[in-house]
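Fold and geometry: a report
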Amino acid sequence: MKVQNYELAKKLRHELHQHPELSNEEVWTKQYLMEFLKANTNLELVDKRNWFYAIYRAGVNKPNIAFRADFDALPMDEVIDLPWESKIPGTAHKCGHDGHSATLAGLALEIDQEGADQNIFFLFQPAEETGEGAIQCVELIREHQIDEVYGYHNMSGLPYKSVGIMDGTIMCASKGVTIHFEGIPAHASQPETGINPSFAIGNILGAIPN
C-alpha cells in the first residue's frame, strides 16, 4: 500500500473510532465514509439508505467480486485511554469495525489508483452486531451477479503484517441458548418430596464437549 493511502486510511479509522454509532443508527458513519471515497477516489458510489457500496469497473464480461466491511459499534463505554477515544458516552468500537471499514476504504484507494482485472464492489454494511445488516445487502449480490464475496475480521495476537486463513468456519457468531429448569421446593427434613434441578444441570454440563 502506498504510504499516502496508508496515512489516509489510518486517519479515517481514528475518525470512525471517535464517532461510533450503534446498529442501524450509523448515519454519520455512512456519510463520512461516502464523503471520504468521493474526495479520494473516482469510484461510482451507490447509496442504499442504511448502507452503500462503491464500484470499480474493469469492463464488460469481467468477473464481479465484492469486498465487504461492517461499520457499527457496540453499546459499551470506551475503556482504553486513546488520543482518538470515543466521544460518544456508552458507545464504542470495541469489535474493530472502524478498522474493517478503514482498511476497505484503503483497498478502494489502491484499486482506484492501480486498477484491477475484475469488476470490484466495495460493500459497507450496517448492523453486523445485531445480525440485521447482511440481509439488507443481499440485493447487491442479486443485482450485480456477484461471483465471490470476501471479508475478514481483525484479531489481536497475530504477527504484524500477517493474514490468518483456515479451511472451514471462522469468526462465526454465537447465537446462544437459554434452558429453563423448574424444581419443587421441599423442607430440609423431607428432601425426598422435592425436585432439585441441579442434577439435570450437572448432567447437561457433563455432556457438553470441552
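Below is a short write-up of the structure. (Residues numbered from 1 in each chain as written. Predicted model: local features only at pLDDT ≥ 70, side-chain atom pairs only at ≥ 80, totals over all residues. Heavy atoms only, no water.)

**Side note on the nonpolar core**
- With 22 residues, the main nonpolar core has Leu12, Leu33, Leu37, Phe52, Phe122 and Phe124 as its most contacted residues.
- Counting only elements with at least two residues in this core, the list comes to helix 1 (3-18), helix 2 (27-40), strand 2 (51-56), strand 3 (64-70), helix 3 (97-114) and strand 4 (119-125).
- A total of six residues in this core trace back to one element, the largest contributor, which is helix 3.
- The contact partners of Leu12, leaving out residues within four places of it in the chain, are Tyr32, Leu33, Phe36, Ala102 and Ala105.
- If you look at the next biggest cluster of nonpolar residues, it comprises ten residues, including Ile55, Ala66, Leu140 and Ile146. (Core = buried A, V, L, I, M, F, W, Y, C linked by side-chain atoms within 4.5 Å. Buried < 20%, exposed > 50% of the residue type's maximum accessible area, 1.4 Å probe, protein only. Helix = DSSP H or I, 4+ residues; strand = E, 2+ residues; numbered from the N terminus. Contact = heavy atoms within 4.5 Å.)

**Things to note about the sheet that holds strand 5 (residues 148-150)**
- Ordered by their spatial adjacency, five strands build an open sheet running 1-2-4-3-5, and the pairing between neighbours is mixed. Of all the strands in the sheet, just strand 1 (44-48) and strand 5 have a single pairing partner and so form its edges. Between one strand axis and the next, the sheet turns through 20° on average, direction left out of account.
- Two strands pair when backbone bridges link them, and strand 3 and strand 4 are joined in this way by seven bridges, in the parallel orientation. Paired with Arg68 across the strands is Leu123, a residue of strand 4.
- The strands touched by helix 2 within the sheet are strand 1, strand 2 and strand 4, with strand 2 carrying the most contacts at an inclination of about 15°. (Pairing = 2+ DSSP bridges. Axes fitted to C-alpha atoms, helices over the stretch in contact; angles between N-to-C directions.)

**A short note on the pairing of strand 1**
- Pairing between strand 1 and strand 2: five bridges, direction antiparallel. Along strand 2, the bridge assignment pairs Glu44 with Ile55.
- The turn linking strand 1 back onto strand 2 is made up of two residues, and Arg49 within it adopts a positive phi angle of 70°.

**Let's talk about unusual backbone geometry**
- Phi at Asn61 is positive, roughly 60°, even though this residue is not glycine.
- Here Asn61 shows up in the loop between strand 2 and strand 3.
- Phi angles above zero are rare outside glycine, and Lys161 is one such case at about 65°.
- As for its placement among the helices and strands, Lys161 is situated in the loop between strand 5 and helix 6 (198-207).

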